[in-house]
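As a plain string of letters, each chain reads:
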Amino acid sequence: MVQIIAFEKKENSRTKESYSVLVLQGEPEVLISKSSGRPYISARKTTIPCALEENQAQALIGKELPGSISRVACTPFELKLATGKKVKISTAFQYLPPETANDKEVAQ
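First things first, this report covers the structure right here in the doc. (Residues numbered from 1 in each chain as written. Predicted model: local features only at pLDDT ≥ 70, side-chain atom pairs only at ≥ 80, totals over all residues. Heavy atoms only, no water.)

A closer look at the nonpolar core
Side chains of a nonpolar character, in soluble globular proteins, are inclined to be buried together.
Then, in step 1: V2, I4, F7, L22, L24, C50, A57, I69 and Y95 form the largest nonpolar core, which has 9 residues in total.
Then, in step 2: Among the elements of the structure, β1 (2-11) and β2 (18-32) are those that each provide at least two residues to this core.
Then, in step 3: Of the residues forming this core, the biggest block, 3 residues, is contributed by β1.
Then, in step 4: Excluding residues within four positions of it along the chain, C50 makes contact with S20, V21, L22 and A57. (Core = buried A, V, L, I, M, F, W, Y, C linked by side-chain atoms within 4.5 Å. Buried < 20%, exposed > 50% of the residue type's maximum accessible area, 1.4 Å probe, protein only. Helix = DSSP H or I, 4+ residues; strand = E, 2+ residues; numbered from the N terminus. Contact = heavy atoms within 4.5 Å.)

Side note on the layout of surface pockets
Picture a little ball the size of a water molecule; that probe, rolled over the atoms, points out where space is still empty.
Then, in step 1: Space inside the largest pocket adds up to approximately 300 Å³.
Then, in step 2: Forming the boundary of the largest pocket are E29, L31, I32, K34, S35, Y40, S42, A43, R44, R71 and F93.
Then, in step 3: Sort the elements by how many residues they give to the lining of the largest pocket and strand β3 (residues 39-50) lands first, with 4 residues.
Then, in step 4: A breakdown of the residues in the lining of the largest pocket according to their chemical character gives 5 nonpolar, 2 polar and 4 charged.
Then, in step 5: Of the voids in this model, the second largest pocket is the one considered here, and its volume is about 190 Å³.
Then, in step 6: Every residue along the wall of the second largest pocket is listed here: K10, Y19, V21, T47, I48 and P49.
Then, in step 7: For the lining of the second largest pocket, the leading source of residues is β3, giving 3 residues.
Then, in step 8: A per-class count over the lining of the second largest pocket returns 4 nonpolar, 1 polar and 1 charged. (1 Å grid on protein atoms, 1.4 Å probe; cavity = no way out; pocket = protein on both sides within 12 Å on 5 of 7 lines; lining within 4 Å. Points joined across faces, edges and corners; volume = space filled by probe spheres on them. Nonpolar A, V, L, I, M, F, W, Y, C, P; charged D, E, K, R; others polar.)

Considerations on the pairing of β1
Then, in step 1: Taken together, the 2 bridges between β1 and strand β4 (residues 64-65) define a ladder with antiparallel strand orientation. Bridge pairing in β4 places V2 opposite L65.
Then, in step 2: Of the pairings in the sheet, the one linking β1 to β2 comprises 8 bridges and is antiparallel in character. Its bridge partner being in β2, F7 is matched across the sheet by L22.
Then, in step 3: Between β1 and the antiparallel strand that follows it, β2, lie 6 residues; K16 among them carries a positive phi value of about 65°. (Pairing = 2+ DSSP bridges.)

Observations concerning the side chain of S20
Then, in step 1: Turning to its location among the elements, S20 is positioned in strand β2.
Then, in step 2: Residue S20 is classed as buried on the basis of its relative accessible area, which comes to 14%.
Then, in step 3: Not counting chain neighbours up to four residues away, the residues in contact with S20 comprise F7, E8, K9, I48, P49 and C50.

Regarding the pattern of salt bridges
Pairing between side chains becomes possible if they bear opposite charge and their charged atoms approach one another.
Then, in step 1: Inspection of the entire model under this criterion finds 3 salt bridges.
Then, in step 2: For E54, the salt bridge is made with K9, and the minimal N-O distance between the two is 3.8 Å. A residue pair is termed long-range when its members are at least 10 positions apart, and E54 in helix α1 (residues 54-59) and K9 in strand β1 qualify at 45 residues. (Salt bridge = Lys/Arg side-chain N within 4 Å of Asp/Glu carboxyl O.)

Concerning the sheet that holds β1
Then, in step 1: Reading across the sheet, the 4 strands line up as β3-β2-β1-β4 and stay open at both edges, with antiparallel pairing between neighbours. Of all strands in the sheet, those with a lone pairing partner are β3 and β4, marking the two edges.

This is how it looks when you write it as structure tokens:
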């Protein structure tokens, strides 16, 4: 299960077109720090596009959706950290709904 934790309005950097997304958060998980070797708790987050009106989307905050958030391969990109260090990223988190035999693709 994943929880809807926020609603955000975004703007496409190329077309300047605005769109809405829901922010999803997965279950808390214990991870081990690569630098210190100590455990810490984190939760995976991702966004999904939303075609609902803002008031409808806001009403969904706090609700749970079936499925999970998984790490998937993506087109590599460079990210500059707050320290100024640049890192290359080739994975992203993506919401994966549960698979069912009755699912049909509605729109692309």
